Amino acid sequence: MRLTIPSFAKINWTLEILGKRPDGYHELRTLLQTIDLADRLSYTRLERDIEIVCDNPDVPIDETNIAYRAAVSLRDFSGLKCGVRLTIEKRIPVAGGLGGGSSNAAVTLIALQKLWNVQLRLIDLFRLGSKLGSDVPFFISGGTCLGVGRGNEVYPLADLAADFLLLVNPGIKVETAGAYANLPPELTNHAPVDKMPFSLEASQAGLLSGSGRSEPIWNRMHNDLELPVLARYPLLGEIKERLKQAGARGILMSGSGSTIFAIFESEQGRHSALENLSETGWWCAPSRTLSRKECQEAYRSNGMEG
Ligand code: C5P
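What counts, and where the lines are drawn
Residues numbered from 1 in each chain as written. Predicted model: local features only at pLDDT ≥ 70, side-chain atom pairs only at ≥ 80, totals over all residues. Heavy atoms only, no water. Near = heavy atom within 4 Å. Polar contact = N/O pair within 3.5 Å; in protein donor to acceptor, adjacent residues only side chain to side chain. Areas by Shrake-Rupley, 256 points an atom, 1.4 Å probe, with all protein chains shown as cover. 1 Å grid on protein atoms, 1.4 Å probe; cavity = no way out; pocket = protein on both sides within 12 Å on 5 of 7 lines; lining within 4 Å. Sits in = over half its atoms within 2 Å of the grid points. Helix = DSSP H or I, 4+ residues; strand = E, 2+ residues; numbered from the N terminus. Nonpolar A, V, L, I, M, F, W, Y, C, P; charged D, E, K, R; others polar. Points joined across faces, edges and corners; volume = space filled by probe spheres on them. Domains from an automatic or database assignment. Contact = heavy atoms within 4.5 Å. Buried < 20%, exposed > 50% of the residue type's maximum accessible area, 1.4 Å probe, protein only.

*Asks:* I would appreciate a short explanation of the site of the ligand in the present structure.
*Replies:* Within the structure, the ligand sits among Tyr-25, His-26, Leu-28, Gly-133, Ser-134, Arg-150, Thr-176, Ala-177 and Tyr-180. Take Ser-134: an N or O atom from its side chain is 2.5 Å from an oxygen atom of the ligand. Considering the ligand on its own, with 450 Å² of exposed area, one finds that the protein chains cover 73% of that surface. Using a 2 Å cut-off from the grid points, one finds that the ligand occupies the largest pocket. Among the secondary structure elements, those contributing two or more residues to the shell around the ligand are strand 2 (26-46) and helix 5 (176-181). Per element, the largest residue contribution to the shell around the ligand is three residues, and it comes from helix 5. Here the residues of the shell around the ligand are counted per class, giving four nonpolar, four polar and one charged.

Structure below.
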């Protein structure tokens, strides 16, 4: 039996650092969003071994791979003795702030339940995911979610929608831990504080094509990690400037970077921006938001063979 499932990327509409926690992590309030950019993951059942094959040499294929760790954690939790060969077709930039590794881990937990014929309670699935990485629980849900705690405690919200996104990545790899370590002290030298619920306001912002009265999401986009990462990689600031000149409405670094995402108001606007950037050699990908329903349906309709 072979299962093939898309493993979607995410962007962060907002990301606020509320302080440093006793466990060394940062207390977050973030508004997460699945988008249609996806890796393709295929699973074939093996007797015992867990094997990873990937078309991108930047992705580890040993036991340090987060999807590998997801398979081990599910196997240990359920007491099974099964194996799997996971083939990853990587389309999401590695170490690019788009959650590719976390998404691969979440999809692996979902796919292997089917492949190994085991059904976890949702609470156990979220717990296993949360141990693997802060963003993993979000990908189990998908759509638009508020993430608090380490970002791992997720609450589904009404879907926000943007049809004309453009993602730009110049090939810079940002180590997440390093991005958090370079935060200005005023954001981290205190225990978590209850700031204005900025992300909650953002979650109420209007759907781009929706009710005219509410505020567009681009007025609410903000990422506390952006300033220190841009200071380290000035090229990212240049990308933001180029996108601004090209007419983008909202422009923000996703997660800990380095991918910059921009919202355009029309296909035409995005197309001319793409043409404008074509000579830069940067990785550029048109994208759109994916609702929770679309995400869940894609997880379910999994091209099962055999
Ligand atoms: O949870 P995850 O493995 O994705 O986190 C990677 C690193 O990012 C952590 O080891 C930590 O240094 C940093 N991090 C943090 N606060 C968070 C999430 C991640 O400091 N809320």
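*Asks:* Explain the layout of surface pockets here, please?
*Replies:* Which parts of space are left empty comes out when a probe the size of a water molecule is rolled across the atoms. What the largest pocket holds in volume is close to 1,200 Å³. Along the walls of the largest pocket sit 47 residues, with Ile-66, Ser-102, Asp-135, Thr-176 and Ser-256 positioned nearest its centre. At the level of elements, strand 1 (2-20), strand 2, helix 1 (66-78), helix 2 (100-115), helix 3 (122-132) and helix 5 are the ones that each hand at least two residues to the lining of the largest pocket. Of the residues that constitute the lining of the largest pocket, the class distribution is 18 nonpolar, 20 polar and nine charged. Looking at which domains feed residues into the lining of the largest pocket, each of domain 1 (2-16 + 35-143 + 295-305) and domain 2 (165-287) supplies at least three. Its boundaries defined by the atoms lining it, the second largest pocket holds a volume of some 370 Å³. Together, 18 residues line the second largest pocket, and Ile-110, Gln-113, Gln-119, Leu-125 and Gln-296 are the ones closest to its centre. For the lining of the second largest pocket, the secondary structure elements donating two or more residues are helix 2, helix 3, helix 4 (136-141) and helix 11 (292-300).

*Asks:* Teacher, can you tell me more about the environment of Leu-28 here?
*Replies:* Residue placement: Leu-28 occurs in strand 2. Through-space distance from the C-alpha of Leu-28 to that of Gln-204 is 18 Å; in sequence the pair is 176 residues apart. With residues up to four places along the chain from it excluded, the contact list for Leu-28 reads Leu-15, Glu-16, Ile-17, Leu-18, Gly-147, Val-148, Gly-149, Arg-150, Gly-151 and Tyr-180.

*Asks:* Help me understand unusual backbone geometry, please; the structure alone is not making it clear to me.
*Replies:* In terms of backbone geometry, most residues other than glycine have negative phi values and most peptide bonds are trans. Look at the link from Gly-257 to Ser-258: it is a cis peptide, with omega at 15°. As for its position among the elements, Ser-258 is in the loop between strand 9 (251-253) and strand 10 (260-263). A positive phi angle, near 50°, is found at Ala-95, a position not held by glycine. Within the secondary structure layout, Ala-95 lies in the loop between strand 4 (83-89) and helix 2. Note on Ala-95: relative accessible area 33%, which makes it partly exposed. In the Ramachandran plot, Asn-117 falls in the positive-phi region, its phi being about 60° despite a non-glycine side chain. Among the structural elements, Asn-117 can be located in the loop between helix 2 and helix 3.

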